[in-house]
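# Breakdown of the fold
Now for the letters of each chain:
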Amino acid sequence: MALYDLERWTYRNIARPPLFHLDPEVVHDRTTDFAEFFGRTAPTRALTRWFFRYDHPMLRQTIAGIDFANPIGLSAGFDKNARLTLIMPEIGFGFEEIGSVSLRPCRGNPKPRLHRLPASKSVVVNYGLMNDGASVIAARLAARPTAAAKFPLGISLVPTNDAQSTTIPAMVEEVVAAHRILAPYAAYVTLNLSCPNSCQPQPFMDPRALRELLPEVVKQPGQKPIFLKISPDVPKSQLDELMAAAADFGVTGFIATNLTKQREGNPALRDTNLPEKGGLSGGVVSALSDRTLEHLARQSHGRFVLMGVGGVFGPDDAYRKIGLGASLIQLITGMLYEGPGLLGSINRGLVDRLQRDGFKHISEAVGKDL
Ligand SMILES: Cc1cc2nc3c(=O)[nH]c(=O)nc-3n(C[C@H](O)[C@H](O)[C@H](O)COP(=O)(O)O)c2cc1C
């Protein structure tokens, strides 16, 4: 048994039961403090790497000019304020997306704003885009040791979630200003079109509004590859229009998907007594994300790089999304339920599956099931 498998067993059977009795936001905050501490010194980083990380040449890819040691990334929302960028590579991630970050700081919605749904292996998220703001986060990224720059960092941008940014031109201006501050630290930039708990109802999921945002972003100097993170709750015709806008402005790819708002008639939602507000992750969004990913892959014929996210709890989920067209995978909820040993076991499990199916490299398996 590899050390990461031992950790996964220990997390599930010993650590998780008492942790799941505590408030989820408190657990997340204390975990962040602890993990940030472990990222601070070379010996603690080396120890973490020894314990958790699995590498294999079959998983290494260069995509949009970025070198990814493996295809599994931390999705936006776990490390909103870029405090964990030194420890995430040691745990075994191939990349990380920080944020979502807005130009101005945002305190988010009142607590409680995070709830577990254990029967559905999901969480309800109603943070309301809480973050420290672009300038504070840029200063934190600037203070990292130079070697840290090798770890690919995506930076997810959103308009500030408050009453000041209500019109499309104001929101475009904000995203552009945040881009100016943060893009120098990014391997790629994500425009989060789809936060389900902002006070504006996802304005840039409207293709017409997106066509106002994209030209302003792409004309900024120091361009990085741009990804659009989309909702799983929109019709295919709207996805087609978003793809057309993305193609017109040279967008690199899509991240499918954010949390779902769909509660009625979702067979994966097994818990009752849900809080009224919030987007749902994990098991509840998994099939919806897969469906969105598959549609993007089928319609875009290789024009876009696709990242699959939503309900990845093990190597089978990751491999399924790769088969549906994802070159890269992201996750959060899987790690909350399975612990950080999950990364090693997904990467190892991917290599096993690629070898079983006769592939020599992960890139050969992308879209194999379409
Ligand atoms: C606690 C939490 C906070 C999140 N915050 C953000 C966010 O700020 N920006 C964003 O684009 N997605 C956010 N998400 C959505 C995730 O990035 C991801 O798209 C979604 O949770 C599905 O993946 P999962 O099932 O692996 O969690 C958040 C998710 C969780 C669980």
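Residues numbered from 1 in each chain as written. Predicted model: local features only at pLDDT ≥ 70, side-chain atom pairs only at ≥ 80, totals over all residues. Heavy atoms only, no water.

## Description of the pairing of strand E8 (residues 188-192)
Rule in force here: Partly exposed residues are those whose accessible area sits between 20% and 50% of the maximum for their type, while under 20% is buried and over 50% is exposed, using a 1.4 Å probe and protein chains only. Strands are runs of DSSP state E lasting at least two residues, helices are runs of H or I lasting at least four, and both sets are numbered from the N terminus onward. At least two DSSP bridges between two strands are needed for those strands to be called paired. Assignment of crossover handedness uses the view with strands pointing away from the viewer, where a clockwise path from the first strand over the helix to the second indicates a right-handed crossover.
Most of E8 sits out of view: five of its five residues are buried. The sheet contact formed by strand E7 (residues 153-157) and E8 spans four bridges and is parallel. Looking at the pairing, Ser-156 lines up with Thr-190 of E8. With helix H6 (residues 168-182) bridging E7 and its parallel neighbour E8, the resulting β-α-β unit is right-handed.

## Regarding the site of the ligand
For clarity, the threshold we go by: When we say a residue is near a molecule or strand, we mean one of its heavy atoms is within 4 Å of it. Nitrogen and oxygen atoms within 3.5 Å of one another constitute a polar contact, given that in protein one can donate a hydrogen and the other can accept it, and given that sequence-neighbouring residues count only through two side-chain atoms. Computed by Shrake-Rupley with a 1.4 Å probe, the accessible areas treat only the displayed protein chains as cover when residues are assessed. We call Asp, Glu, Lys and Arg charged. Ala, Val, Leu, Ile, Met, Phe, Trp, Tyr, Cys and Pro are nonpolar, and the rest, Gly among them, are polar.
Contacts to the ligand come from 23 residues, most closely from Ser-75, Ala-76, Ser-100, Lys-229 and Thr-333. One nitrogen or oxygen atom from the side chain of Asn-192 is found 3.1 Å from an oxygen atom belonging to the ligand. Between the ligand and the protein, one listed contact pairs an oxygen atom with a backbone N or O atom of Gly-311 at 2.8 Å. Protein chains bury 97% of the 600 Å² of accessible surface belonging to the ligand in isolation. When contributions to the shell around the ligand are tallied by element, the ones reaching two or more residues are strand E4 (95-101) and strand E6 (122-125). Residues that form the shell around the ligand fall into these classes: nine nonpolar, 12 polar and two charged.

## Digging into the packing of helix H5 (residues 134-142) against H6
Counted only if it meets this: In this description, a line fitted to the C-alpha atoms serves as the axis of each element, helices being fitted only across the stretch in contact, and the angle between N-to-C directions of two axes falls anywhere from 0 to 180 degrees. Orientation labels follow simple angle bins: below 35 degrees gives roughly parallel, above 145 gives roughly antiparallel, 65 to 115 gives roughly perpendicular, and whatever is left gives oblique. Crossing handedness follows the turn of the near helix against the far one: under a right angle anticlockwise gives a left-handed crossing, and clockwise gives a right-handed one. Any two residues having at least one pair of non-hydrogen atoms within 4.5 Å are treated as being in contact.
At a closest axis distance of 9 Å, the pairing of H5 and H6 adopts a crossing angle of 15°. Looking at the two axes, H5 sits roughly parallel to H6. In terms of crossing hand, the pair formed by H5 and H6 is right-handed. Across the interface between the two elements, Ala-134, Ser-135, Ile-137, Ala-138 and Leu-141 of H5 pack against Ala-178, Ile-181 and Leu-182 of H6. A class-by-class count of the residues in the contact of H5 with H6 yields seven nonpolar, one polar and no charged.

## A look at helix H12 (residues 342-356)
Basically, it comes down to this: Every helix has an expected span of 1.5 Å times one less than the residues it contains.
Here H12 is 15 residues long and its end C-alpha atoms lie 21 Å apart, about the 21 Å a rise of 1.5 Å per residue gives. Of all 15 residues that make up H12, 11 are buried, and the element is covered over most of its length. Among all positions of H12, only Leu-342, Leu-343, Gly-344, Ser-345, Ile-346, Asn-347, Gly-349, Leu-350, Val-351, Arg-353 and Leu-354 are buried. Remark: Gly-358 follows H12 within two positions and exhibits a positive phi of approximately 80°.

## Remarks on the side chain of Lys-229
For clarity, the threshold we go by: Positive charges are assigned to Lys and Arg, negative charges to Asp and Glu, while His and the chain termini are left out of the count. Whenever Lys or Arg places a side-chain nitrogen within 4 Å of a carboxyl oxygen from Asp or Glu, that contact is recorded as a salt bridge.
With respect to the element layout, Lys-229 can be found in strand E9 (residues 226-230). Notably, Lys-229 is buried but unbridged: the nearest opposite-charge side chain belongs to Glu-97, and the N-O separation is 5.1 Å. For Lys-229, the residues in contact, after removing those within four places along its chain, are Ser-75, Ala-76, Thr-190, Leu-191, Asn-192, Leu-193, Ser-194, Ile-255, Thr-257 and Asn-258.

## Considerations on the sheet that holds strand E3 (residues 72-74)
Reading around the circumference, E3-E4-E7-E8-E9-E10-E12-E13 is the order of the eight strands in this closed barrel, with parallel pairing throughout. Geometrically, the sheet is characterised by an average inter-axis angle of 25° between neighbouring strands, direction not taken into account. Here E3 runs beside E4; their pairing, made up of two bridges, is parallel. Bridge pairing in E4 links Leu-74 to Glu-96. Taken strand by strand, H12 contacts E3 and strand E13 (328-331), and its axis lies near 155° from that of E3.

## Considerations on a nonpolar patch on the surface
What counts, and what does not: Each patch is assembled from residues with relative accessible area greater than 30% and no salt bridge, linking like charges that lie within 9 Å and nonpolar side chains (Val, Leu, Ile, Met, Phe, Trp, Tyr) that lie within 5 Å.
A cluster of nonpolar side chains, Met-1, Leu-6, Trp-9 and Ile-14, forms an exposed patch at the surface whose accessible area comes to about 490 Å². Relative to the helices and strands, Met-1 is located in the segment before helix H1 (3-19). The exposure class of Met-1 is exposed, given its relative accessible area of 76%.

## What about the packing of helix H7 (residues 207-218) against helix H8 (residues 236-248)?
For the pair H7 and H8, the least separation of the axes is 9 Å and the interaxial angle reads 15°. Taken together, H7 and H8 sit at an angle that is classed as roughly parallel. Read as a crossing pair, H7 and H8 show a hand that is right-handed. Within the contact between the two elements, H7 uses Pro-207, Leu-210, Arg-211 and Leu-214 and H8 uses Gln-238, Glu-241, Leu-242, Ala-244, Ala-245, Ala-246 and Asp-248. Of the residues that constitute the contact of H7 with H8, the class distribution is seven nonpolar, one polar and three charged.

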